[in-house]
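# Architecture at a glance
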Number of protein chains: 2
Amino acid sequence: MGRVVQASVLLYGHHGGKRSCRAGCWLCGLSVLLLPMFVAPRAYAQNDALSAARLATIRDAALQSKYALRETFILANQIGPRLPGSVQAAAAARQIADAMGTLDLKVQTIPAPVPQWQRGTADAAVVEYAGRPAGVEQPLDIAALGNSPATPQAGITAPILMVRSYDELQANAKQAAGRIVVFDVPFDRQLAASGYATTAYERVAHYRMHGPAMAAQLGAVAALVRSSGGAHYRLVHTGMTVWDGVDHPIPAASVTGEDADLLESLAVRGPVQIHLDLRPISGPTVQEDTVVGDLPGIERPDEIVIVSGHYDSWDLGTGAQDNASGVAAAMGVAAVFHQLRLKPKRTVRIVAWANEENGLTGASAYRAAMARSLDRHVGAIENDTGTGRPFGIAANITPESAAQLAPVFEALSTIDASFLVRSAQPVAADIGLLTAAGVPGFAPLVDMSHYFDIHHTAADTFDKVDSDNLRRQVAIQAVLAWWLANADPLPRLPATAADQPPLSGE
Amino acid sequence: MGRVVQASVLLYGHHGGKRSCRAGCWLCGLSVLLLPMFVAPRAYAQNDALSAARLATIRDAALQSKYALRETFILANQIGPRLPGSVQAAAAARQIADAMGTLDLKVQTIPAPVPQWQRGTADAAVVEYAGRPAGVEQPLDIAALGNSPATPQAGITAPILMVRSYDELQANAKQAAGRIVVFDVPFDRQLAASGYATTAYERVAHYRMHGPAMAAQLGAVAALVRSSGGAHYRLVHTGMTVWDGVDHPIPAASVTGEDADLLESLAVRGPVQIHLDLRPISGPTVQEDTVVGDLPGIERPDEIVIVSGHYDSWDLGTGAQDNASGVAAAMGVAAVFHQLRLKPKRTVRIVAWANEENGLTGASAYRAAMARSLDRHVGAIENDTGTGRPFGIAANITPESAAQLAPVFEALSTIDASFLVRSAQPVAADIGLLTAAGVPGFAPLVDMSHYFDIHHTAADTFDKVDSDNLRRQVAIQAVLAWWLANADPLPRLPATAADQPPLSGE
């Protein structure tokens, strides 16, 4: 999922008025860049393709469509987990290409380098602590983090150093050598419940992505990271770890919140030792396809509007919400256009990104392949935040773009999805590189208060997909994509707003 | 935890009045045996030991006591999972005996035969189904059920037969031979939320306990049972399986609700095959101690009031609520009496039962050992339903007993725990055999609406223990135990109400 901060907020309600919102929205702005602007409702029927009736027809067809749910089922339940480089990921790419063909899309594939990292077994136990009865070891629930190397065959047995922040790690830097550093940074459930789930996640996920490398640089022998999510059902959270600048990566695993609590409670009573046995297998880099399906524009086929999701997933669950539902929703937009026999002015391009999870290489390869046509990408939508109730659109757009989008929000007001959050940073991961190149970026704005309870865990399964919300998400994207493909193009992003690096591997 | 059905309900509120309740309570009565009775508040200060002031002092000391939480911590976090027959279970028995000594209790141990069953690894995958891409297998999250044998070394690969009831199994009995029978009976979350959690659990747990045996008798090669609880976080539920009357037990495992849904969704599309690999180890029966600590009565030391919990647990979690907190609460009662230097008229006996989970043999051995003194057991309390908010007492008592208990409920009214549910069946598992012998039985009445979300799963960990509720539970049991140990004895149960068999192994 993507990253959205520093937002201004506009609400287009049923009454066409506006309300500014800082406290109640799901986005955390360290600073709010832009003041809310007043955009009055206006006549927008520039032409038939953009009439209110046409947009309403698209919205309503999407609300009736079962396509996205069916495609989610195929990806999550018939194909299953789609770890980058796996046979399942390749099967998903083939299935998606076939399905795009059935929708009469013009299909191409763009190969990307993908790491072949397999999880393998993971075992750990607390083997020494104050108050330990003789002969007792306490098992820990752990899972290797993406790109972790394996432990030596005999495993690693070492004392732990528990830290609750990077500052605490630095303050105890000399103690890290030879130890297993445990990053015990809890997910802020209250923050998530208050609408700032993404902020709560990013705070903890940073430790998962970068903590092990910092521990390695201090001479630690392994790293454990408290699960980066809100679940309290002994769920281990996985995800990518980055080893930039580290010559010798160390075994790194996620440990459940409960087990982190256990370690903390034992550590305050005396020294704690852990035995750790991780068996991930890192294979050679392979090629995997980003799948692109075009509904060619009838007036300006070389101008492109992207609607997208990534088809890869982590492997503990079946990646149903992260992100089978997202790529299925994008395909659902094409299905609606196909059903309505719509011919857009510009090309609507459905993209199923390869390998978002472990390096964002599908998006990088796409940008490289499209280097010469980036200025003809007029907009890019990505859906990668689960199937919570959508209530609007997050957008990387210029201030003046908001007024232009009024017809879109008018059409979405009947499904209470007229909230606009304008962001200075990418609103989703895969389209971040396009945003950086100036392409206006969009994502459905979704209630994520419970998304991180299951995200990147074994519980990300098909039963969690809310079919009503998924249809609403398709409706939002279909209306927005149709408008982008037919209306006057939005201004491209200024360099100041576009030069934020995308958040890879989330 | 125990079993309570067929209840009549009395509420002693702050105003001393009564309300009858059928719909809103947590107990499901197939029939309500007895009508609610009116019991007016009355003067009850028979003697100083039973004065309202004394009972209030006991209640308030319990509400301040940290003893039970500390003891729960030791059992759950320092000793960990306490599978019957394990080194941890033995360590728990030693620790409890030592702690009882520190409270100046007179300690004895009663050995019981305990099966040495260890979980071992469990792997499963769906290996054949309609729509399966070549080379794809879908992993299932499973755990062996207690007393399951292992699969052959090569595992078992077989088609499944999914059933949603015993009736459906019988209707398809001829198809069971050679198959893996999957009992797909979902836990009724709505029923649990409505206050009938125990009923919801018993409905599904019956399949876990007896389903595999039925499948075996029809020639099935293995059995999977949908997790018997309310969790939807890919949590596998474990527990005991009974093989009565089965010559050749078959491998039996629990499968998460999500995975059962997956299997169901695939099974409607065509034949499904599973590969199953279970490695539990069944060892010889060993002896394990039920630990008994007496605070001797100063007038009638041979008359006994039991306050109890079981110290063993399943091993996926740390058995924090099932039942570290329960046995700790019983010890907490002794700690309160010790702190207040109370000397009861009758003996107050704290019992930490061995092996409730896998056969209830600790309770059986106790009954056998006490065969000659059962008629001098005047009451038995057990706490085995987690640390939800307590709101009263569940009791196996005669109708006329309710009036006698009025002083207890008066004392508990300040903590909103004046609800009485009188049951015709045992209110907890270990004391069930005592109830069957006519001993009045009691259990704190607890909000269990979320108990079965974590019960018998990896999520039963110390962080789930609510310390305030635990203190309230200690208060209830301390007041009740003190009253039972000093007041006129309650009538013993009639045979008609006492001959229900206890529900073993829950």
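Keep in mind the model is a prediction, meaning the values are calculated, not measured.

## Focus on the overall build of chain A
Assigned secondary structure in chain A consists of 15 helices and 17 strands. Residues counted as buried form 65% of the 506 residues belonging to chain A. For chain A, the accessible surface area stands at approximately 17,100 Å², while carbon and sulfur atoms represent 52% of it.

## A look at the relation of the copies chain A and chain B
Overlaying chain A with chain B gives an RMSD of 0.0 Å, the required rotation being 180° about an axis along which the chain moves by 0.0 Å. On the angle and the small slide along the axis, the relation comes out as a two-fold axis. Minimal C-alpha distance to the rotation axis in chain A is attained by A:Tyr233, lying at 3.3 Å. Taken together, the interface assignments show that 100% of the residues at the interface of chain A recur at the interface of chain B, consistent with an identical surface on both copies.

## Points about the pairing of strand E10 (residues 273-278) of chain B
All names here are of chain B. Here strand E3 (residues 122-128) pairs with E10 via six bridges, running antiparallel. Bridging across to E10, glutamate 128 finds its partner in glutamine 273. Two elements, strand E6 (residues 156-163) and E10, share four bridges in a ladder whose sense is antiparallel. Counted as the bridge partner of threonine 157 is histidine 275 from E10.

## Points about helix H8 (residues 257-267) of chain B
Residues that lie three or four places apart on an α-helix share one face, since the helix turns once every 3.6 residues. Across the eleven residues that make up H8(B), a large majority, eight, are buried. Residues of H8(B) that are buried: B:Gly257, B:Glu258, B:Asp259, B:Ala260, B:Leu262, B:Leu263, B:Ser265 and B:Leu266.

## Here's the deal with the interface of chain A and chain B
The interface of chain A with chain B comprises 42 residues on the first partner and 42 residues on the second. Of the roughly 2,800 Å² buried between chain A and chain B on both sides combined, carbon and sulfur atoms contribute 58%. On the chain A side of the contact with chain B, A:Gln78, A:Tyr233 and A:Arg234 bury the most area, a combined 23% of that side's loss. Counting across the chain A and chain B interface gives two salt bridges.

## So, the side chain of A:Asp430
Residues and elements named next belong to chain A. Structurally, aspartate 430 is set in the loop between strand E16 (419-423) and helix H13 (432-436). One buried charged residue, aspartate 430, remains without a salt bridge, the closest side chain of opposite sign being arginine 82 at 12 Å. Residues within four places of aspartate 430 in sequence aside, it is in contact with His310, Trp353, Glu356, Leu360, Ala363 and Glu382.

## Some details on the sheet that holds strand E3 (residues 122-128) of chain A
Residues and elements named next belong to chain A. Taken in spatial order, the eight strands make up an open sheet running E4-E3-E10-E6-E7-E8-E9-E5, and their pairing is mixed. Pairing within the sheet leaves two strands with one partner each, and these edge strands are strand E4 (138-140) and strand E5 (142-144). Each adjacent strand pair in this sheet contributes to an overall mean axis angle of 30°, direction not counted. Along the sheet face, helix H8 (residues 257-267) touches E3, E4, strand E6 (156-163), strand E7 (180-183), strand E8 (222-226), strand E9 (252-255) and strand E10 (273-278) and points at about 85° away from the line of E6.

## Comments concerning the domain arrangement of chain A
All names here are of chain A. When cut into domains, chain A gives domain 1 (52-116 + 284-496) and domain 2 (120-279). Computed over C-alpha atoms only, the centres of domain 1 and domain 2 are separated by 34 Å. Each partner contributes to the interface: domain 1 provides 14 residues, whereas domain 2 provides 20 residues. Buried surface at the junction of domain 1 and domain 2, both sides included, amounts to about 1,300 Å², of which 67% is carbon and sulfur.

## Considerations on the packing of aromatic side chains
All names here are of chain B. All chains considered together, the criterion is met by 23 aromatic pairs over all chains. Here phenylalanine 337 and tryptophan 482 contribute two aromatic rings whose centre-to-centre distance is 5.5 Å and whose plane-to-plane angle is 70°, an arrangement assigned as edge-to-face. With a gap of 145 residues between them, phenylalanine 337 in helix H9 (residues 320-339) and tryptophan 482 in helix H14 (residues 467-486) connect regions that are remote in the sequence. Comparing phenylalanine 337 with tryptophan 482, the two get one shared label, buried. When the ring of phenylalanine 391 is compared with that of phenylalanine 419, the centres are 5.6 Å apart and the planes differ by 55°; the resulting orientation is tilted.

## Considering helix H3 (residues 87-102) of chain B
All names here are of chain B. In this model, H3 (16 residues) spans 23 Å end to end at C-alpha, consistent with the 22 Å of a helix rising 1.5 Å per residue. Of all the residues in H3, the buried ones are Gln88, Ala89, Ala91, Ala92, Ala93, Gln95, Ile96, Ala97, Ala99 and Met100. Next to the buried residues of H3 lie helix H2 (67-79), strand E2 (106-118), strand E11 (281-295), H9 and strand E13 (346-353). Phi for aspartate 104, located one or two positions after H3, is positive at around 60°.

## With respect to the pattern of salt bridges
Going through the model one piece at a time under the given rule, you end up with 36 salt bridges over all chains. For A:Glu258, the salt bridge goes to B:Lys464, with nearest N and O atoms at 2.8 Å. Pair noted here: A:Glu258 is in helix H8 and B:Lys464 is in the loop between strand E17 (441-446) and H14, and the two residues belong to different chains. We note that A:Glu258, like B:Lys464, is buried. By sharing partners, the salt bridges in this structure join A:Asp141, A:Arg234 and A:Asp259 into a single network.

## With respect to the packing of H2(B) against H9(B)
Residue and element names in this part refer to chain B. In the contact formed by H2 and H9, the axes pass within 8 Å of each other and the chain directions differ by 140°. By the criterion of interaxial angle, the relationship of H2 to H9 is oblique. The handedness of the crossing between H2 and H9 is right-handed. Across the interface between the two elements, Tyr67, Ala68, Glu71, Thr72, Leu75 and Ala76 from H2 touch Ala320, Ala324, Ser325, Val327, Ala328, Ala329, Met331, Gly332 and Ala335 from H9. For the contact of H2 with H9, a count of residues per class yields eleven nonpolar, three polar and one charged.

## Focus: the nonpolar core
In summary, soluble globular proteins display a tendency toward joint burial of nonpolar side chains. Grouped together as the largest cluster of nonpolar side chains are 76 residues, with contacts concentrated most on B:Ile96, B:Tyr311, B:Phe337, B:Ile350, B:Ile393, B:Leu405 and B:Phe442. A:Leu50, A:Ala68, A:Val327 and A:Val474 belong to the second-largest nonpolar core, a separate cluster that totals 74 residues.

## Considering the sheet that holds strand E7 (residues 180-183) of chain B
Residue and element names in this part refer to chain B. Spatial ordering of the open sheet is given by E4-E3-E10-E6-E7-E8-E9-E5, a layout of eight strands whose pairing is mixed. Since the sheet does not close on itself, it has two edges, and those belong to strand E4 (138-140) and strand E5 (142-144), each with one partner. Put simply, the sheet's adjacent strands are angled 30° from each other on average, direction ignored. Pairing of E7 with strand E8 (residues 222-226), which is carried by four bridges, proceeds in the parallel orientation. What sits directly across from isoleucine 180, in E8, is alanine 222. Sitting on the sheet, H8 touches E3, E4, E6, E7, E8, strand E9 (252-255) and E10, and the angle it makes with E6 is about 85°.

## A word on the side chain of A:Asn469
All names here are of chain A. Considering the arrangement of structural elements, one finds asparagine 469 in helix H14 (residues 467-486). The buried category is assigned to asparagine 469, whose relative accessible area is 8%. Once residues lying within four places of it in the same chain are set aside, the contact partners of asparagine 469 are Thr387, Gly388, Arg389 and Pro390.

## A short note on the pairing of strand E12 (residues 300-310) of chain B
All names here are of chain B. The buried count for E12 comes to eight of eleven residues, which makes it a mostly enclosed element. Across eight bridges, the pairing between E12 and E13 is parallel. Pairing of serine 308 across the sheet is with valine 351, part of E13. For the segment spanning E12, H9 and E13, crossover handedness is right-handed. Pairing of E12 with strand E14 (residues 377-382), which is carried by five bridges, proceeds in the parallel orientation. Bridged to isoleucine 306 within E14 is alanine 380.

## A few points about unusual backbone geometry
Residue A:Asn323 is reached from A:Asp322 by a cis peptide bond, and omega for that bond is 15°. Summarising the element assignment, A:Asn323 is placed in helix H9 (residues 320-339). Phi at A:Arg234 is positive, roughly 55°, even though this residue is not glycine. With respect to the helices and strands, the residue A:Arg234 is situated in the loop between E8 and E9. Classification of A:Arg234 by relative accessible area gives buried; the value is 7%. For B:Asn355, which is not a glycine, the phi torsion comes out positive at approximately 40°.

## Considerations on the environment of B:Val336
Residues and elements named next belong to chain B. Residue placement: valine 336 occurs in helix H9. Distance from valine 336 to glycine 359, taken between C-alpha atoms, is 32 Å for residues 23 residues apart in sequence. With residues up to four places along the chain from it excluded, the contact list for valine 336 reads Ile58, Ala61, Ala62, Ser65 and Val474.

Conventions and cut-offs
Residues numbered from 1 in each chain as written. Chains lettered and ligands numbered in written order. Predicted model: local features only at pLDDT ≥ 70, side-chain atom pairs only at ≥ 80, totals over all residues. Heavy atoms only, no water. Helix = DSSP H or I, 4+ residues; strand = E, 2+ residues; numbered from the N terminus. Buried < 20%, exposed > 50% of the residue type's maximum accessible area, 1.4 Å probe, protein only. Areas by Shrake-Rupley, 256 points an atom, 1.4 Å probe, with all protein chains shown as cover. Least-squares fit on C-alpha atoms with pLDDT ≥ 70 in both. Contact = heavy atoms within 4.5 Å. Pairing = 2+ DSSP bridges. Buried area = accessible area lost by both parts, 1.4 Å probe. Salt bridge = Lys/Arg side-chain N within 4 Å of Asp/Glu carboxyl O. Lys, Arg positive; Asp, Glu negative; His and termini not counted. Axes fitted to C-alpha atoms, helices over the stretch in contact; angles between N-to-C directions. Domains from an automatic or database assignment. Phe/Tyr/Trp six-rings, centres within 6.5 Å; stacked < 30°, edge-to-face > 60°. Expected span 1.5 Å × (residues − 1). Parallel < 35°, antiparallel > 145°, perpendicular 65-115°, else oblique. Left-handed = near helix turned anticlockwise from the far one by under 90°. Nonpolar A, V, L, I, M, F, W, Y, C, P; charged D, E, K, R; others polar. Core = buried A, V, L, I, M, F, W, Y, C linked by side-chain atoms within 4.5 Å. Right-handed = clockwise from strand over helix to strand, strands pointing away.

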